[in-house]
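# An overview of the molecular structure
Spelled out from the first residue to the last, the chains are:
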Amino acid sequence: MSKLKVLTQEDLETISDDFGEILEREVSKSMSMKELEDLDLDIVLNYENEQLDVDVDVGVLFDELSEITQEQVTKAIDEAYLKFDSYIDENFRE
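Reading guide: rules and limits
- Residues numbered from 1 in each chain as written.
- Predicted model: local features only at pLDDT ≥ 70, side-chain atom pairs only at ≥ 80, totals over all residues.
- Heavy atoms only, no water.
- Core = buried A, V, L, I, M, F, W, Y, C linked by side-chain atoms within 4.5 Å.
- Buried < 20%, exposed > 50% of the residue type's maximum accessible area, 1.4 Å probe, protein only.
- Helix = DSSP H or I, 4+ residues; strand = E, 2+ residues; numbered from the N terminus.
- Contact = heavy atoms within 4.5 Å.
- Phe/Tyr/Trp six-rings, centres within 6.5 Å; stacked < 30°, edge-to-face > 60°.
- Salt bridge = Lys/Arg side-chain N within 4 Å of Asp/Glu carboxyl O.

Attention shifts here to the nonpolar core. If you look at the biggest cluster of nonpolar residues, it comprises 23 residues, and the most contacted ones within it are F19 and F84. When residues of this core are traced back to their parent elements, those giving at least two are α1 (9-30), β1 (36-48), β2 (51-62) and α2 (70-91). Considering each element in turn, this core owes the most residues, seven residues, to α2. Dropping the residues within four chain positions of it, F19 is found in contact with I43, V54, V56, A80, Y81 and F84.

This paragraph deals with the packing of aromatic side chains. By convention here, two paired aromatic rings are described through the distance between centres and the angle between planes. According to the stated counting rule, one finds four aromatic pairs in the structure shown. Ring plane angle 40° and centroid distance 4.3 Å describe the contact between F19 and F84, whose orientation is recorded as tilted. Here F19 is found in helix α1, whereas its partner F84 is found in helix α2, with 65 residues between them in sequence. Residue F19 is classed as buried on the basis of its relative accessible area, which comes to 1%. When the ring of Y87 is compared with that of F92, the centres are 5.8 Å apart and the planes differ by 65°; the resulting orientation is edge-to-face. Residue class for Y87 comes out buried when judged on its relative accessible area of 14%. The structure contains a cluster of three or more aromatic residues connected by ring pairs, namely F19, Y81, F84, Y87 and F92.

Here the focus is the pattern of salt bridges. Working definition: two side chains of opposite charge can pair if their charged atoms are close together. For the structure shown, the criterion picks out six salt bridges. The partner of E50 in a salt bridge is K3, with the nearest N and O atoms 3.2 Å apart. Remark: K3 occurs in the segment before α1 and E50 occurs in the loop between β1 and β2; sequence separation between them is 47 residues. According to the relative accessible area criterion, E50 is partly exposed, its value standing at 33%. Residue D11 pairs with K5 through a salt bridge whose shortest N-O separation is 3.9 Å. By relative accessible area, D11 is classed as buried at 15%. When salt bridges with common partners are traced through the structure, they connect E26, K29, E79 and K83 into a single cluster.

Pasting the structure below:
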């Protein structure tokens, strides 16, 4: 795997926004958005010594009649991280 390029503050903002979109897309693919009352994404990027660490906290408020399980949410997040890794490889590696 090639080295991560030096990231600017603008790059980090773009990465955060794009990861949010990836997460929303994966959640909406894995469950009916009609069953969600609220989806809150908190993405924290830590970039030090040319290393990027990404942590996400996904808050999901389900409709009272929803049958969505935490396992479905976790699977969607895992899938989003896989797509995010590909995104980083394609756009931010030298």
